[in-house]
Number of protein chains: 2
Amino acid sequence: MMRKMNVAIVGATGAVGTQMIKMLEDSSLPLGVVKLLASKRSAGKQLSFKGEPQTIEELVADSFEGIDLALFSAGGGISAKFAPEAVKRGAVVVDNTSHFRMDPEVPLVVPEVNPEALREHHGIIANPNCSTIQMMVALEPIRQVFGLKRVIVSTYQAVSGAGNQAVEELKQQTREYLAEKPVSEWTADILPSGGDKKHYPLAFNALPQIDVFAEAGYTNEEWKMINETKKIMADDGINVSATCVRIPVITGHSESIYIETEKTATVEEIKALIAKAPGAVLEDDPSQQIYPQALNSVGKKETFVGRIRKDPDEEKGVHLWVVSDNLLKGAAWNSLQIAETMYEMGLFE
Amino acid sequence: MMRKMNVAIVGATGAVGTQMIKMLEDSSLPLGVVKLLASKRSAGKQLSFKGEPQTIEELVADSFEGIDLALFSAGGGISAKFAPEAVKRGAVVVDNTSHFRMDPEVPLVVPEVNPEALREHHGIIANPNCSTIQMMVALEPIRQVFGLKRVIVSTYQAVSGAGNQAVEELKQQTREYLAEKPVSEWTADILPSGGDKKHYPLAFNALPQIDVFAEAGYTNEEWKMINETKKIMADDGINVSATCVRIPVITGHSESIYIETEKTATVEEIKALIAKAPGAVLEDDPSQQIYPQALNSVGKKETFVGRIRKDPDEEKGVHLWVVSDNLLKGAAWNSLQIAETMYEMGLFE
């Protein structure tokens, strides 16, 4: 039996870090030391782990001495600088930022889809983008049986994916709306993207920008969905396009997904595949108004799939509505699930 | 010159009716008598028209004696019963409900797209569904030059499309959220569809159901977008599919639209077409974070189009983001614009 595992959480005070702590509390991993790391600003503050107070330490390179597993979620810059330091000291890094995702040396893993890619790691494993992960859980079982030629996705993404400050900003705007302040006076300093020049209100609005704009009129978030899908499914031949939109939801990403399969599938065949797919839950009964909802997904690890129906004209076209907790399967849970899967595969030995 | 026109608004107290009054106040039509009609419950109450108090009358068949133009927005049942009564008494009816839309004897009109269809009327003209209208304004200029083979749309629809009570319900849920009431205790008696069995909260949620479910797993709202598009564009060969979703926005429908054209178009060619299209406004500059937003559309008659970009793989595939005030171009303004267009075409003489 392996000795106990020492685990570090980098970015422990963030929206995802907080959920990583919860997921680690529930984990089947044999835990030794658990270190909560954050910036100097948060160092010294206390959080609780399994009911015991735990002091947050300032992140430095030597924080990773003796650490077996480091879960990073503190921004791409922090991962770029400190993930190699953690690896140098013998830790396996599961990185929730986009920094290493498209690095050909770094596996990009959704455990339900491509766990075997974990065997190729060189110390760092990348956790895919939140909106990509839940789409993979829903589409992989279909791809395995019917093939996948094309994906067109429009997202309805929650604000917690932009961090705790963005959540507070949405709440503040909501209060300002109810107090009948004119929109021009609402607080708007963060969204749609903290790193961009202009900021717009999200309350009672829909913002078709997540992350910054990149080539060909697509945002980085859209390119992430396009490129990560091909890498995770290990098939550059799948045509993917995405429109990523932030809506006034706190937690729970929803996605309207259109796919074209290689072979014709019936709705019943697809429902049967989803019903037995790992990590997926079929919620699909129009006669009873049963379909996935963001509010219902909060706090759950699964990806919920419904509104499955054929395109009216395209024989191999199918539409789906896919919802998951963006902080859990989209981030903290998938990261920890990667670690648990590696443990079960003997990759920590 | 024609004598002055006597106008009746049926459903004057509703979310759309209120906007019809505003549109009529600004209209170029030569107005005579203006009658505000509603149910017995509202009769006797006062509204204002051009600064003058105006008493609401109870809707009865004889309300239409001497009326030239009747604008209906009081539900399909009211239109079914009273529109023929209005026509019998010599009025032209512009009906905002879905009741007559697919009747082959009834023109279904977006004035920017198919004004000539107005000449075929037999007393009733149908105003299309809100989500259909703005899509038509954006796509018709493209169709005229490059042809249109296929449309896949995912909507982000505002709650005012479901009426004033639904707006109040969303506000109430929002207050309950801010007061930290558990979701299970939020008020939810109307949405997603007043006429359906189950009701769900919309605040901080996305509901993939608008109107009730119909054949093949699609909702009525989705079938409206599919069928109305073909009728308005007078082309059954266009393949259309829709996923209609309600989000917590008060006013302003947004749409993520994917199209495939017959001939290949560049982004610049499409932008140039939208920039000069009637009723459309191009808002598309990613470098300046310029794109249509629901909050910015409120109170405006135009349809805003942006995020125009080619599909990464499909040469004839283009993505767009289209936003409009669902109560104005989606309902009250398009209805009045139909009447003004008929007046200009001499169809009231």
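Worth saying up front: this structure is predicted, and the values here are computed from it rather than measured.

A. Expanded view of the relation of the copies chain A and chain B. For the pair chain A and chain B, the best superposition has an RMSD of 0.0 Å and corresponds to a rotation of 180 degrees with a translation of 0.0 Å parallel to the axis. The superposition operator between the copies reduces to a two-fold rotation axis. Interface overlap between copies: 100% of the residues of chain A at the interface are likewise at the interface in chain B, consistent with a symmetric, same-surface contact.

B. Main features of the sheet that holds strand β13 (residues 303-310) of chain B. Residues and elements named next belong to chain B. With respect to topology, six strands assemble into an open sheet ordered β10-β9-β11-β14-β13-β12, the strand pairing being mixed. Edge positions in the sheet fall to β10 (239-243) and β12 (280-282), since each has one partner strand and no second. In this sheet, neighbouring strand axes are inclined to one another by 25 degrees on average, regardless of whether the strands run parallel or antiparallel. Pairing geometry for strand β9 (residues 150-156) and strand β11 (residues 253-260), over seven bridges, is antiparallel. Bridge pairing in β11 links Val153 to Ile257.

C. Expanded view of the environment of Leu148 of chain A. All names here are of chain A. Assignment of secondary structure puts Leu148 in the loop between α3 (130-146) and β9 (150-156). Since its relative accessible area comes to 5%, Leu148 is described here as buried. Taking C-alpha positions, Leu148 is 5.7 Å from Glu262, a pair spaced 114 residues apart along the chain.

D. Looking closely at the sheet that holds strand β5 (residues 57-58) of chain A. Residues and elements named next belong to chain A. Taken in spatial order, the six strands of this open sheet run β5-β2-β1-β6-β7-β8, and their pairing is parallel. Unpaired on one side and paired on the other, β5 and β8 (124-126) mark the two borders of the sheet. Judged from the four bridges that link them, strand β1 (residues 5-10) and strand β6 (residues 69-72) form a sheet pairing that is parallel. Looking at β6, one finds that Val7 is bridged to Leu69.

E. Structural view of helix α6 (residues 267-275) of chain B. All names here are of chain B. Listed in full, the buried residues belonging to α6 are Val267, Ile270, Lys271, Leu273 and Ile274. Burial along α6 is one-sided: seen end-on, the buried residues are contained in an arc of 160 degrees. In α6, the exposed positions angled more than 90 degrees off the buried face are occupied by Glu268 and Ala275. As for α6, its buried residues are in contact with α3 (130-146), β12, β13 and β14 (317-324).

F. Spatial organisation of the interface of chain A and chain B. In this assembly, 67 residues from chain A lie in contact with 67 residues from chain B. Summing both sides of the interface, chain A and chain B together bury roughly 5,600 Å²; the carbon and sulfur share of this comes to 56%. By the criterion of area lost to chain B, the three top residues of chain A are Phe204, Gln289 and Leu295 of chain A, representing 13% of everything that side buries. Put simply, chain A and chain B have eight salt bridges between them. Applying the counting criterion to the chain A and chain B interface returns 43 residue pairs in polar contact (both at pLDDT 80 or more). At the level of elements, β9, α4 (164-178), α5 (220-232), β10 (239-243), β11 (253-260), α7 (294-297), β13 (303-310) and β14 (317-324) of chain A are the ones that each hand at least two residues to the side of chain A that touches chain B. Sorting elements by how many residues they give to the side of chain A that touches chain B places α4 of chain A first, with six residues.

G. Broad picture of the environment of Glu169 of chain B. All names here are of chain B. Take Glu169: it is sitting in helix α4 (residues 164-178). The buried category is assigned to Glu169, whose relative accessible area is 5%. C-alpha separation for the pair Glu169 and Pro201, spaced 32 residues apart in sequence, amounts to 8.6 Å. Excluding its chain neighbours within four sequence positions, the residues that come into contact with Glu169 are Thr187, Ala188, Asp189, Ile190 and Leu191.

H. The packing of α3 of chain A against helix α8 (residues 328-344) of chain A, seen in detail. Residue and element names in this part refer to chain A. The N-to-C vectors of α3 and α8 enclose an angle of 85 degrees; their axes lie 8 Å apart at closest approach. As the angle between them shows, α3 and α8 are arranged roughly perpendicular. Along its contact with α3, which presents Cys130, Ile133 and Val137, the element α8 presents Lys329, Gly330 and Asn334. Grouping the amino acids of the contact of α3 with α8 by side-chain chemistry returns three nonpolar, two polar and one charged.

I. Structural view of α3 of chain B. All names here are of chain B. End to end, α3 covers 25 Å across 17 residues, agreeing with the expected 24 Å (1.5 Å per residue, within 8%). The axis of α3 is deflected most strongly, by about 40 degrees, at Leu139, and proline Pro141 appears within four residues downstream. Phi turns positive, to about 75 degrees, at Gly147, one or two residues after α3.

J. Fine view of empty space enclosed by the protein. The full count for this structure, using the stated rule, is two cavities of 30 Å³ or more. Together, 15 residues line the largest cavity, and Ile152, Ser154 and Ser256 of chain A together with Ile152 and Ser154 of chain B are the ones closest to its centre. The residue inventory of the lining of the largest cavity, partitioned by class, reads seven nonpolar, eight polar and no charged. By volume, the second largest cavity is sized at about 60 Å³. Together, Leu170, Thr174, Ala203, Phe204 and Pro248 of chain A together with Leu170, Thr174, Ala203, Phe204 and Pro248 of chain B line the second largest cavity.

K. How the structure looks around the pairing of β13 of chain B. Residue and element names in this part refer to chain B. With respect to burial, β13 is a largely interior element, seven of its eight residues being buried. Inspection of the sheet shows β12 paired to β13 by three bridges, in the parallel sense. Within the sheet, the bridge partner assigned to Val281 lies in β13 and is Phe304. Across six bridges, β13 lies against β14 in antiparallel orientation. Bridging from a neighbouring strand, Gly306 pairs with Trp321 of β14. Between the end of β13 and the start of β14, which pair antiparallel, lie six residues.

L. Geometry of the domain arrangement of chain A. Residue and element names in this part refer to chain A. Its domain assignment divides chain A into domain 1 (5-127 + 331-344) and domain 2 (132-325). The distance between the C-alpha centroids of domain 1 and domain 2 comes to 25 Å. Counting from both sides, the interface comprises 18 residues of domain 1 and, opposite them, 15 residues of domain 2. Here domain 1 and domain 2 share an interface that buries about 1,500 Å² over both sides, 68% of which is from carbon and sulfur atoms. Scanning the region where domain 1 abuts domain 2 turns up one salt bridge. Arg101 is the salt-bridge partner of Glu228, the closest N and O atoms lying 3.1 Å from each other. Here domain 1 is connected to domain 2 by four residue pairs in polar contact (both at pLDDT 80 or more). Of all elements in the fold, only α1 (15-25) and α8 reach the threshold of two or more residues within the side of domain 1 that touches domain 2.

Parameters and conventions
- Residues numbered from 1 in each chain as written.
- Chains lettered and ligands numbered in written order.
- Predicted model: local features only at pLDDT ≥ 70, side-chain atom pairs only at ≥ 80, totals over all residues.
- Heavy atoms only, no water.
- Least-squares fit on C-alpha atoms with pLDDT ≥ 70 in both.
- Contact = heavy atoms within 4.5 Å.
- Pairing = 2+ DSSP bridges.
- Helix = DSSP H or I, 4+ residues; strand = E, 2+ residues; numbered from the N terminus.
- Axes fitted to C-alpha atoms, helices over the stretch in contact; angles between N-to-C directions.
- Buried < 20%, exposed > 50% of the residue type's maximum accessible area, 1.4 Å probe, protein only.
- Arc of directions from axis to C-beta.
- Buried area = accessible area lost by both parts, 1.4 Å probe.
- Salt bridge = Lys/Arg side-chain N within 4 Å of Asp/Glu carboxyl O.
- Polar contact = N/O pair within 3.5 Å; in protein donor to acceptor, adjacent residues only side chain to side chain.
- Parallel < 35°, antiparallel > 145°, perpendicular 65-115°, else oblique.
- Nonpolar A, V, L, I, M, F, W, Y, C, P; charged D, E, K, R; others polar.
- Expected span 1.5 Å × (residues − 1).
- Bend = angle between axes of the 7 residues up to and from the residue.
- 1 Å grid on protein atoms, 1.4 Å probe; cavity = no way out; pocket = protein on both sides within 12 Å on 5 of 7 lines; lining within 4 Å.
- Points joined across faces, edges and corners; volume = space filled by probe spheres on them.
- Domains from an automatic or database assignment.

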